[in-house]
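# Structural overview
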Amino acid sequence: MTSAVNFTAVSRLFGNVRAVDNVTLDIAPGEFFAMLGPSGSGKTTCLRLIAGFEQPSSGNISIFGEHCEGLPPYKRNVNTVFQDYALFPHMTVGENVAYGLMIKGMARAERDAKAATALEMVKLKGYGERRPSQLSGGQRQRVALARALVNEPKVLLLDEPLGALDLKLREQMQEELKHLQKQLGITFVFVTHDQGEALSMADRVAIFNEGRIVQAGTPAEIYEKPRNRFTADFVGSSNVLSPEFSKAHGGPNQWSSLRPEKIRLKRQGEKPDTAQASARGQITSISYQGATIRIVVLANATRLVAALPAADFSAREGDLVTLVWARQSLVAMESG
Amino acid sequence: MAQVLGRLSDTFYRKPGLLTFLLMLPPVFWIVVVYVGSLLALLLQSFYALDDFSGVIIREFTFATYGHLLDPANRDIIVRTVLMASSVTLACAIIAFPISYFAARYARGTTKALFYLAVMMPLWSSYLVKIYAWKLILAKEGIITWIAATLHLSWLIDAILSLPSIGGPSLSISYIGTFLVFVYIWLPYMILPIQAALERVPKNLIEASADLGANPGQAFRTVILPLAFPGVIAGSIFTFSLTLGDYIVPQIVGNSRLMIGQAVYTLQGTAGDIPLAAALSVVPMVIMGIYLAVAKRLGAFDAL
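Our subject in this report is the structure included herewith. (Residues numbered from 1 in each chain as written. Chains lettered and ligands numbered in written order. Predicted model: local features only at pLDDT ≥ 70, side-chain atom pairs only at ≥ 80, totals over all residues.)

Glancing now at the overall build of chain B. Within chain B, the secondary structure is distributed over 14 helices and two strands. Relative to its length of 304 residues, chain B is extended, with a C-alpha radius of gyration of 25 Å against a globular reference of 19 Å. Burial statistics for chain B: of 304 residues in total, 32% are counted as buried. Of the contacts made within chain B by residues no fewer than 6 positions apart, 69% connect residues no fewer than 24 positions apart. (Helix = DSSP H or I, 4+ residues; strand = E, 2+ residues; numbered from the N terminus. Rg over C-alpha atoms; globule rule 2.2 N^0.38 Å. Buried ≥ 20, exposed ≤ 12 C-beta atoms within 10 Å, placed from the backbone. Contact = placed C-beta atoms within 7 Å.)

The following block contains the structure:
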């Protein structure tokens, strides 16, 4: 099966800076694919390479098997939802949504009908006559989505589309986007720096750092089996343990990752079994986070962060405690 | 002293309205009394009339002076001036747009600095010097005639000058000459607002239109041009109204037929017909009012 989007050894240089550095990736048709990374990691440039706003300095990009070399954005069957929406201020919402159809030369009645349907799909029925300036951020976001989807693109590109929304609205839009994607079966390529967003929405996630993909996989693979310190730290938080510490505490003789929530305090009189490992140390700080309490424990000169249920927590700073975790929670990484 | 100043700033901090009021007082005085006041005085004058016999101004309310505007001679002056202002504006817009477009979208760094210098520098030299220079350039003995003769193109100049009504004995004594000088001196006033408007068009809107399938020509027509249009209107307000009111350019370069500005100058001076001069100066204001209303109706300010 041809992939929806294929990158083969793609690099994009800006002067001497390798914004995208030898990236190879395959996005399957109908997949919800997230590109996750800090700002400046090359994820947005990758998106712009797919859209056609940038051309690769080397390597090949194809969209549904079609080579994209030299193909301008207006000849690609992909559409973009821009970070700040990029709605046309001199047009009504309806005209914005119908813009792509108008450019294609579709008759007014037909494109108006399609635009109305698209607005209904994003729950903005009856907003067609308004101006973008009269809408809230969340509504503009939906207009941008409708404007892209009405063209029935093969691939929809979303550039941090939820970045400007407040938390509640963002969670709501995450759900709706995911639902829309399932319903339409279009390939979504989603750029974000929010790891929670990427994990909760995407079928597959690629972690970007310094222009390269450091790891790609399903959200569970990324979270449970980080391959390097960058992924372990960037996706959730993690205790990255040296080979020596790992070996001494029931893990492999390799750099390892131990998620804070996999750690618990040893109960009084409890005897850890062979499937478990433990470390004893002093609590150096405690911070209350609502559902959990994060403590930092210094054990054998190694700093361990544990996230514990807040409900039955009673220790104080300075207490000596024993931390317990299942051996299998120590995940071997390729590098530190 | 310091204490007084301190107390003063405390008062201003507590009552920001007071500070605003004090700061606004001089400009408001200027606008309302000096500017609007003289305008109203002008308006008032236009409702008086000149007694044809004695040459004395009759200070009684009448529309008679406005009636005189419709006399064939005055009507010709108005039509001539409006036609001139319109063609100058149109020409300025056509010439300015590509220049502004280049400056806004492509020029960076030194090129941009040079652009600003090239556009602004003519504004630094005296207006009269420029017009007299143009008179020499356009004169029968001037450089244009000389170049045309050298290139064996004198027939072209002759053909242009023999055009009915806009032609004349030489470029400097024809409407063509007046038009060229107007376009030259007002061009910066068209370039700068259009350039500012084009710079304000966000790059991502152009990307969005390309993303939605618009080729560069379509993107220009549907996004860039509509968004830059308020700039064109702003520029045209300058070129149009400056041409409507100017009395020096047509005096120096052009034929002997009057434009509104010259007529006003003559009427309030030698002829002493202040009421008609006032009524004639109201004409450009009314025309500008209509022009702005039409521009608004056409949606020129929608993107503001």
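That was the structure; now back to the text.
Here we come to the interface of chain A and chain B. Every contact between the two is made by 18 residues of chain A and, on the other side, 16 residues of chain B. Of all the elements in the fold, those that place two or more residues in the side of chain A that touches chain B are β6 (78–81) and α2 (93–103) of chain A. Per-element tally for the side of chain A that touches chain B: the top contributor is α2(A), with three residues. For the side of chain A that touches chain B, the residue count by class is eleven nonpolar, five polar and two charged. (Nonpolar A, V, L, I, M, F, W, Y, C, P; charged D, E, K, R; others polar.)

Residues and elements named next belong to chain B. The N-to-C vectors of helix α2 (residues 16–46) and helix α14 (residues 274–297) enclose an angle of 120 degrees; their axes lie 7 Å apart at closest approach. Between α2 and α14, the crossing angle belongs to the class labelled oblique. The interaxial crossing formed by α2 with α14 has left-handed handedness. When α2 is examined against α14, the residues Leu42, Leu43, Gln45 and Ser46 are found in contact with a partner set consisting of Ile274, Pro275, Ala278, Ala279, Ser281 and Val282. Here the contact of α2 with α14 is composed, by residue class, of seven nonpolar, three polar and no charged. (Axes fitted to C-alpha atoms, helices over the stretch in contact; angles between N-to-C directions. Parallel < 35°, antiparallel > 145°, perpendicular 65-115°, else oblique. Left-handed = near helix turned anticlockwise from the far one by under 90°.)

Looking now at the sheet that holds strand β17 (residues 320–326) of chain A. With antiparallel pairing, the five strands of this open sheet are ordered in space as β13-β17-β14-β15-β16 (chain A). In this open sheet, the two edge strands, each paired with only one partner strand, are β13 (264–265) and β16 (302–309) of chain A. (Pairing = 2+ DSSP bridges.)

All names here are of chain A. Pairing in this open sheet of six strands is mixed, and the strands run β6-β7-β8-β3-β9-β10 from one edge to the other. Of all strands in the sheet, those bounded by a partner on one side alone are β6 and β10 (212–217). On average, each strand axis in the sheet is tilted by 20 degrees relative to the strand beside it, whichever way the strands run. Pairing analysis gives five bridges linking strand β3 (residues 32–36) to strand β8 (residues 187–192), with the strands arranged parallel.

With that out of the way, let us pick up unusual backbone geometry. All names here are of chain A. In this structure, glutamate 152 is a non-glycine residue whose phi angle is positive, near 45 degrees. Inspection of the secondary structure puts glutamate 152 in the loop between α4 (137–149) and β7 (155–159). Residue classification places glutamate 152 among the partly exposed residues on the basis of 14 C-beta atoms within 10 Å.

Let us now look at the environment of A:Thr274. You can see A:Thr274 is positioned in the loop between β13 and β14 (276–288). Distance in space between the C-alpha atoms of A:Thr274 and A:Ala326 is 9.0 Å, their sequence separation being 52 residues.

The subject of this paragraph is the packing of helix α6 (residues 127–138) of chain B against helix α9 (residues 175–200) of chain B. All names here are of chain B. Close contact between α6 and α9 brings their axes to 11 Å; oriented N to C, the two are set at 140 degrees. Between α6 and α9, the crossing angle belongs to the class labelled oblique. As α6 packs across α9, the resulting crossing turns out to be right-handed. Here Tyr127, Lys130, Ile131, Trp134 and Leu138 of α6 lie close against α9, whose contacting residues are Gly177, Leu180, Val181, Tyr184 and Ile185. Grouping the amino acids of the contact of α6 with α9 by side-chain chemistry returns eight nonpolar, one polar and one charged.

For an α-helix the count is 3.6 residues per turn, leaving residues at separations of three or four pointing the same way. Residues and elements named next belong to chain B. For α9, built from 26 residues, the straight-helix expectation of 38 Å at 1.5 Å per residue is met to within 8% by its first-to-last C-alpha distance of 37 Å. Along α9, the helix axis deviates most sharply at tryptophan 186, where the bend reaches about 45 degrees; the proline proline 188 sits within four residues downstream. Extensive coverage of α9 is indicated by the burial of 22 of its 26 residues. (Expected span 1.5 Å × (residues − 1). Bend = angle between axes of the 7 residues up to and from the residue.)

All names here are of chain A. In this model α4 runs 18 Å from its N-terminal to its C-terminal C-alpha over 13 residues, within 8% of the 18 Å that 1.5 Å per residue would give. Counting buried residues along α4, ten of its 13 residues qualify, which places the element largely inside the surrounding structure. Turning to α4, its buried residues number three or more, namely Arg140, Gln141, Arg142, Val143, Ala144, Leu145, Ala146, Arg147, Ala148 and Leu149. For α4, the secondary structure elements touched by its buried residues are β6, α2, α3 (108–121), β7 and α5 (167–184).

To continue, consider the environment of A:Phe53. You can see A:Phe53 is positioned in the loop between α1 (43–51) and β4 (58–63). Along the sequence, A:Phe53 and A:Leu71 sit 18 residues apart, while their C-alpha atoms lie 9.7 Å from each other. Beyond its immediate stretch of four places on either side in the chain, A:Phe53 contacts A:Arg48, A:Pro73 and B:Glu207.

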